[in-house]
4 protein chains.
Amino acid sequence: MSLNSFGHLFRVTTWGESHGPALGATVDGCPPGVPIEAAAIQHWLDRRKPGQNKYTTQRREPDEVEILSGVFEGLSTGTPIQLMIRNTDQRSKDYGEIAQTFRPGHADITYWQKYGIRDYRGGGRSSARETAARVAAGGVARAALAQLVPGLTITGYMVQMGPHGIDRARFDADEIERNPFWVPDAQAAEQWAAYLDGLRKSGDSVGAVIEVVASGVPAGLGAPIYGKLDTDLAAAMMSINAVKGVEIGDGMAAAALTGSQNADEIFMGPEGPEYGSNHAGGILGGISTGQDLVVRFAVKPTSSILTPRRSITKAGQPTEVVTKGRHDPCVGIRAVPVGEAMMACVVLDHLLLHRGQIGGAGGKIG
Amino acid sequence: MSLNSFGHLFRVTTWGESHGPALGATVDGCPPGVPIEAAAIQHWLDRRKPGQNKYTTQRREPDEVEILSGVFEGLSTGTPIQLMIRNTDQRSKDYGEIAQTFRPGHADITYWQKYGIRDYRGGGRSSARETAARVAAGGVARAALAQLVPGLTITGYMVQMGPHGIDRARFDADEIERNPFWVPDAQAAEQWAAYLDGLRKSGDSVGAVIEVVASGVPAGLGAPIYGKLDTDLAAAMMSINAVKGVEIGDGMAAAALTGSQNADEIFMGPEGPEYGSNHAGGILGGISTGQDLVVRFAVKPTSSILTPRRSITKAGQPTEVVTKGRHDPCVGIRAVPVGEAMMACVVLDHLLLHRGQIGGAGGKIG
Amino acid sequence: MSLNSFGHLFRVTTWGESHGPALGATVDGCPPGVPIEAAAIQHWLDRRKPGQNKYTTQRREPDEVEILSGVFEGLSTGTPIQLMIRNTDQRSKDYGEIAQTFRPGHADITYWQKYGIRDYRGGGRSSARETAARVAAGGVARAALAQLVPGLTITGYMVQMGPHGIDRARFDADEIERNPFWVPDAQAAEQWAAYLDGLRKSGDSVGAVIEVVASGVPAGLGAPIYGKLDTDLAAAMMSINAVKGVEIGDGMAAAALTGSQNADEIFMGPEGPEYGSNHAGGILGGISTGQDLVVRFAVKPTSSILTPRRSITKAGQPTEVVTKGRHDPCVGIRAVPVGEAMMACVVLDHLLLHRGQIGGAGGKIG
Amino acid sequence: MSLNSFGHLFRVTTWGESHGPALGATVDGCPPGVPIEAAAIQHWLDRRKPGQNKYTTQRREPDEVEILSGVFEGLSTGTPIQLMIRNTDQRSKDYGEIAQTFRPGHADITYWQKYGIRDYRGGGRSSARETAARVAAGGVARAALAQLVPGLTITGYMVQMGPHGIDRARFDADEIERNPFWVPDAQAAEQWAAYLDGLRKSGDSVGAVIEVVASGVPAGLGAPIYGKLDTDLAAAMMSINAVKGVEIGDGMAAAALTGSQNADEIFMGPEGPEYGSNHAGGILGGISTGQDLVVRFAVKPTSSILTPRRSITKAGQPTEVVTKGRHDPCVGIRAVPVGEAMMACVVLDHLLLHRGQIGGAGGKIG
């Protein structure tokens, strides 16, 4: 049991703190013979990198990944792949105040209560900087998936910022890469920009909902009962910093439906079963149906805000906390590539598991 | 890696099918010296038992638990506790049709696609009957918690049935045990009864939202980064049959809040830190704060309905499915004791983990 | 982490005590579609069953296995297979003395020191009766192996009893099933019979060495670095009651060899690489070579003897212990089918792991 | 499941190849508040370091450890500790021949058969260089043990080189650090030096037996049935490169004893139970007795020798292999600090496990 690890056969262990010398991911279980290049992993890291536009923290981190093991002559060897990212922008500042005070909404107080010691610089291990390691590992997963399941795609985007959702009627996948919010709705992008500018100026922050879709996932992945595909996706997304809710398919809204509304009817298509709808989000009984896997998660507003909040010190004295510095007004934006990375890792893991447990078996239809 | 198991140090493996000879739970890691009685476990099983009122399936199962190991002279010995429940009401009926057809919304098709074989009687392993084993295991967890953390309580209840939510202003914990829906709002109970009667008569079903609260949980439980308390709770709840969404604290609604709204301010109370609110649901950075743990999950409507739905046969032929028989019109009702059981297992597991990794360390405040 | 479980993808959890109502194995990860019959599993159990000849304990246990789940219409479904064996010969006797005294060489004292409670009847969980569950699980593994790797065989036998080894020059595999010691040397069988008769009459016991060989294991199984095939075999054998040493290939004797003596030279055969010798026991770098897997383990003499030994009571008072009752004078005899079962489980597990992680890849020679 | 990891709660994942940029260990589960210094870890690494005397490989590696995470202001924080060692002496040489040929006794052929690709430079992942990472992790374990169990000591030494054992009557612990073989017998040290000089000159190599003893280990550690202390020690030692046998206490020799000889009689001492002998090696039923833990393992002779051995090429052609270069004539020498490191990791792991599962419970005697 490794509590800084996830995955069954494709197993990722992340390590490192926000302001330590480096952070990274030890990736165990990548199949051999997969082309792995630092440049390809860097591509995904650059999407998560801070300081890319005015809506993300202005901390300057190149987030350059170094591959220390597990790759030989450009191919994975089946041994652990160590991905290291050096921290470079460790601004020398006085952390004395933070060290003695607990910031509301942060893990300061619980880390202290649990461990009796914490690296308070920038949140230490509880910082969202840890997610860079996940994105790097996700790059390895994507490379393996590209080889094992050609045509499989994984796409994340924002569907809600604060109280403002997207209009699904205007959904345009091409729009995702064109705006700073990874939102598939050009009109929403404009509105959100104005809304976030206002929040940022007022020193406040806001939450978000991210949706991640995997297309081309084969039917049959998932390991009931306690390694279900949706169970592992829920854990993967909930483990991301600041996430407070996870939905598969219709999610919480499924509660309001009747059985007749909710049933995804099945038809025989030219290449196998097809479905009339996807309330289930591509998973039945914990196993993939072959439809799109649809996962959503809610990210709470950044807790580091300029608005003063009441708190206490280590000594138990009342105080007021204002968090200055370089913070994301909507940390959900940078959670998009993180959600994609987690999806890639979970799908690859279940592909390997399925191959191990079932081999070429599995039932045919038609 | 055991894919029919959950938990780190308190580890539960469930086994058994809906219509096999028996089902049960192998409970490994219960601390020694805990009073374990079949009668106490039976108490929790009886709450989940089918056929208790007209809103749950009329299948007659006594669900009597037998303790086969791990308990000596009334006390746990620290060795695996085997809890077995014999299936008794395995009505002899013709399953031929179900065996050849895939019921929409059920795991019939995915189990077939994955395994190439399935026990089709009553859903086999994918039946919600498996949750009886969880409730039995939860009974063991509750007994251990009672010894380790006196005063800790775990309470589940419904907060939404179909489109009808409760009124939090009318919240009355005493009401929970008085109505067939475990709903803490007498007025809602009445409305829901009428609503569900109508649905049942029309042969339809409906979803629900369940909330589970644990009070008296010590601060410091949770193992960042990938064994966070909320991560494990999300996985635990998502693994329950028909669950499509999981929320901690404010859950999906956190997305709509600003940082200043969402911050749970901290004050010094007579016995330690206190909070002005609980948007976080008792968890910060994956670690318990000492506040109430608040988890919600959405259960989709029962897929077994009398309304005909289109589907296909194993041979790929179109067909129409009507599921007669003894089904819950709102399977969410019986998910309440299941959610409680999962909460009990996760909290105990993290208590043991914390004890192992941290011992008596941990920071003091004030 | 389940501490009463072993295996990665083929995962066995045993449960039960010597004198409780039942014991058994929860077998998770058996591939679907494997023919599993109680009678076939019974075949293996009968070989380990007590009371078969005068050299094993006269406790009368039918050791009848009941399959409670995971098998449908004679085939495994991919879900957990629960194998239960009822204890029937729980002689009513006064355990009062044992309960207060620690028998030298037994786990009485350590279970007490660890757990503060123990089921003292017949050793409780620490009894070698637990190995019946392993043999049942091994029966499932053998069935799966028969389907996945036709021609693979697993054979265990004794090569030493007390100070008396076999003569390898007289090795005759057919002899194994003809004598009560599973020894492949008819002359040794005779000598051992006389030797053991003497020991039994004097109320003493003796140790043994068992060798288990798997033939027909494909090259490539094993997961370096910490899931090596030899690592997992060493753990599997060392976990058997009373085992004090494990060897692969030349084992401890390898220390006395020079590199030129120890090198297994490689030749190209008609169907792939062949080796001039097998000092390595079929494993290089933790991965199978395709040669015979050769494992040996030493079992210490039964600790339950009639010779008085000095010990203490729970109260710390000096006492003398004589263990009357129905005990094996050489517990190593019945360890033979147990060693075979562990070999079957480990080989199947690594076959599934290899399939999951590598798929059809792997290098060709020639 | 991470196949490059070991341990339950104190979990070590090693990564890296012989001639890659770096190798290291990701150490998860170190308790917080433990003083961790690079210099202290370096102390242990220096003992394993190549090139220290004429009996070990002349490869020049400083093996300098860098702590990249998990330590703040000199103390462990409870988060993963990343220990990195850069490879520096990667001699530019032509590996073309090795790449196409399989060296007898090496993992060349099995890695190729398994993965279809391998880093052939210096053995890649299968090189004993990987054990440097274990020694670094062992340094962390020792630091934690020093805090948790003051007075606990772990000492490894050689007891046999080739056919030459030590004389236990001359056992002198102080001698261990005085000779290049870590042998507690000055006379043996002299003999072995002459013997090994001869072997080295003839281009041959030889095996060895190492014994590791842990003193001061509390009674009660070990998690039956499949996480027994001896099971985990057997796995830990067998996972070390070139190990072919593992013994606990009397080990293989226990087979030749009678029950009356083997029984470790128990007496009441001033501070608890004491034993008249230690045939059991400090473990009964998988749980520590409080006596010395005694483990031995046999290391086969180095496979890289100057004596020509027959083998085949990738193309299946016959060839002859002579391994020139800088190799240890007795790789067992440098296995001593590795065995100590594994012992430290396993004991710490079981200490944490025991604390988690049992807390302060456990039975008293007297």
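Residues numbered from 1 in each chain as written. Chains lettered and ligands numbered in written order. Predicted model: local features only at pLDDT ≥ 70, side-chain atom pairs only at ≥ 80, totals over all residues. Heavy atoms only, no water.

**Q** How should the side chain of C:Lys228 be read in this particular structure?
**A** Positionally, C:Lys228 belongs in the loop between β10 (208-215) and α6 (229-238). Of note is the side chain of C:Lys228, whose polar atom sits 2.8 Å from the backbone oxygen of D:Ser239. Beyond its immediate sequence surroundings of up to four residues, C:Lys228 is in contact with C:Ala223, C:Gly285, C:Gly286, C:His350, D:Ser239, D:Ile240 and D:Asn241. (Helix = DSSP H or I, 4+ residues; strand = E, 2+ residues; numbered from the N terminus. Polar contact = N/O pair within 3.5 Å; in protein donor to acceptor, adjacent residues only side chain to side chain. Contact = heavy atoms within 4.5 Å.)

**Q** Mind showing me how you'd approach the packing of helix α1 (residues 38-48) of chain C against helix α4 (residues 131-148) of chain C here?
**A** The description of two packed helices rests on the angle between their axes and on the distance between the axes. Residue and element names in this part refer to chain C. In the contact formed by α1 and α4, the axes pass within 8 Å of each other and the chain directions differ by 145 degrees. Considering how the two elements wind past one another, α1 and α4 form a crossing that is right-handed. Residue-level inspection shows Ile-41, Trp-44, Leu-45 and Arg-48 of α1 in contact with α4, the latter providing Thr-131, Ala-132, Val-135, Ala-136, Gly-139, Val-140 and Arg-142. Its residues placed into classes, the contact of α1 with α4 shows seven nonpolar, two polar and two charged. (Axes fitted to C-alpha atoms, helices over the stretch in contact; angles between N-to-C directions. Left-handed = near helix turned anticlockwise from the far one by under 90°. Nonpolar A, V, L, I, M, F, W, Y, C, P; charged D, E, K, R; others polar.)

**Q** What's the story with the interface of chain A and chain B in this structure? I'm lost.
**A** How large an interface is tends to be reported as the accessible area lost when its parts come together. Contacts between the two partners involve 109 residues from chain A, matched on the other side by 110 residues from chain B. Taken together, both faces of the contact between chain A and chain B bury some 8600 Å²; the carbon and sulfur share is 62%. On the chain A side of the contact with chain B, A:Lys114, A:Tyr226 and A:Lys244 bury the most area, a combined 11% of that side's loss. At the junction of chain A and chain B, the tally comes to four salt bridges. Its salt-bridge partner being A:Arg310, residue B:Glu265 comes within 3.0 Å of it at the nearest N-O pair. Inspection of the region where chain A meets chain B yields 51 residue pairs in polar contact (both at pLDDT 80 or more). Examining the composition of the side of chain A that touches chain B, we find that seven residues originate from one element, helix α3 (residues 108-115) of chain A, more than from any other. Relative to strand β11 (residues 243-248) of chain B, strand β11 (residues 243-248) of chain A is paired through three bridges, and the arrangement is antiparallel. Bridge pairing in β11(B) links A:Val246 to B:Val246. (Buried area = accessible area lost by both parts, 1.4 Å probe. Salt bridge = Lys/Arg side-chain N within 4 Å of Asp/Glu carboxyl O. Pairing = 2+ DSSP bridges.)

**Q** I'm lost on the state of the cysteines in this one. Help?
**A** A covalent bond between the sulfur atoms of two cysteines is what we call a disulfide. Residue and element names in this part refer to chain B. Applying the stated criterion across every chain, the model contains zero disulfides over all chains. Just so you know, Cys-345 is unpaired, no disulfide at all, and the nearest cysteine sulfur is the one on Cys-30, 10 Å from it. For Cys-345, a relative accessible area of 1% translates into the label buried. (Disulfide = S-S within 2.5 Å. Buried < 20%, exposed > 50% of the residue type's maximum accessible area, 1.4 Å probe, protein only.)

**Q** What is the right way to look at the sheet that holds strand β11 (residues 243-248) of chain D in this model?
**A** Paired through backbone hydrogen bonds, the strands of a sheet run either parallel or antiparallel to each other. Overall, antiparallel pairing links the 10 strands, which are arranged β9(C)-β8(C)-β10(C)-β16(C)-β11(C)-β11(D)-β16(D)-β10(D)-β8(D)-β9(D) in an open sheet. The sheet is open, and its two edges are formed by β9 (164-165) of chain C together with β9 (164-165) of chain D, each paired on a single side. Direction of pairing for β11(D) relative to strand β16 (residues 293-299) of chain D: antiparallel, over a ladder of five bridges. Across the sheet, the residue bridging to D:Gly245 is D:Ala298, located in β16(D).

**Q** It is not clear to me how the pattern of salt bridges should be interpreted in this structure. Could you clarify?
**A** A side chain with one charge can pair with a side chain of the opposite charge if their charged atoms come near. Within this structure, the stated rule accounts for 84 salt bridges over all chains. A:Arg170 is paired through a salt bridge with A:Asp185; the nearest N and O atoms lie 2.9 Å apart. One end of the pair, A:Arg170, is in the loop between β9 (164-165) and α5 (186-201); the other, A:Asp185, is in the loop between β9 and α5, and 15 residues separate them in sequence. A residue is classified by how much of its surface remains accessible, and A:Arg170, at 31% relative accessible area, is partly exposed. Given the relative accessible area of 0%, A:Asp185 is considered buried. For C:Asp108, the salt bridge identified is with C:Arg103, shortest N-O distance 2.7 Å. Each member of the pair, C:Asp108 as well as C:Arg103, carries the same accessibility label: buried. By sharing partners, the salt bridges in this structure join A:Arg47, A:Arg142, A:Glu177 and A:Glu340 into a single network.

**Q** Help me understand the interface of chain D and chain C, please; the structure alone is not making it clear to me.
**A** Each side of the interface is counted separately: chain D has 109 residues, and chain C has 110 residues. Buried surface at the junction of chain D and chain C, summed over both partners, amounts to about 8600 Å²; 62% is from carbon and sulfur atoms. Among the residues of chain D in contact with chain C, D:Lys114, D:Tyr226 and D:Lys244 are the three that bury the most area, contributing 10% of the side total. Here chain D and chain C share four salt bridges between them. Taken together, chain D and chain C are joined by 51 residue pairs in polar contact (both at pLDDT 80 or more). In terms of residue class, the side of chain D that touches chain C is built from 54 nonpolar, 39 polar and 16 charged.

**Q** How do you make sense of the nonpolar core when you look at a structure like this?
**A** One recurring pattern in soluble globular proteins: nonpolar side chains tend to sit buried together. In terms of nonpolar packing, the biggest core is built from 401 residues, with A:Phe181, B:Phe181, C:Phe181 and D:Phe181 touching the most fellow members. If sequence neighbours within four positions are ignored, A:Phe181 has contacts with A:Tyr55, A:Met158, A:Met161, A:Ala189, A:Trp192, A:Ala193, A:Leu196 and A:Ile333. (Core = buried A, V, L, I, M, F, W, Y, C linked by side-chain atoms within 4.5 Å.)

**Q** Looking at this model, I keep getting lost on the relation of the copies chain D and chain C. Mind explaining?
**A** Each of the two chain copies can be generated from the other by rotation about an axis followed by a shift along it. Its rotation angle being 180 degrees, the transformation that places chain D on chain C also includes 0.0 Å of axial translation and leaves an RMSD of 0.0 Å. With respect to symmetry, the two chain copies, as superposed, fit the operation of a two-fold axis. (Least-squares fit on C-alpha atoms with pLDDT ≥ 70 in both.)

**Q** Which parts of the structure should I look at to understand the confidence of the model for chain A?
**A** When pLDDT is low, close inspection of the predicted coordinates is not appropriate. Per-residue pLDDT for chain A averages 94, and the proportion of residues at 70 or more is 97%. In the predicted assembly, ipTM is 0.97 and pTM is 0.97. (pLDDT = per-residue confidence, 0-100.)

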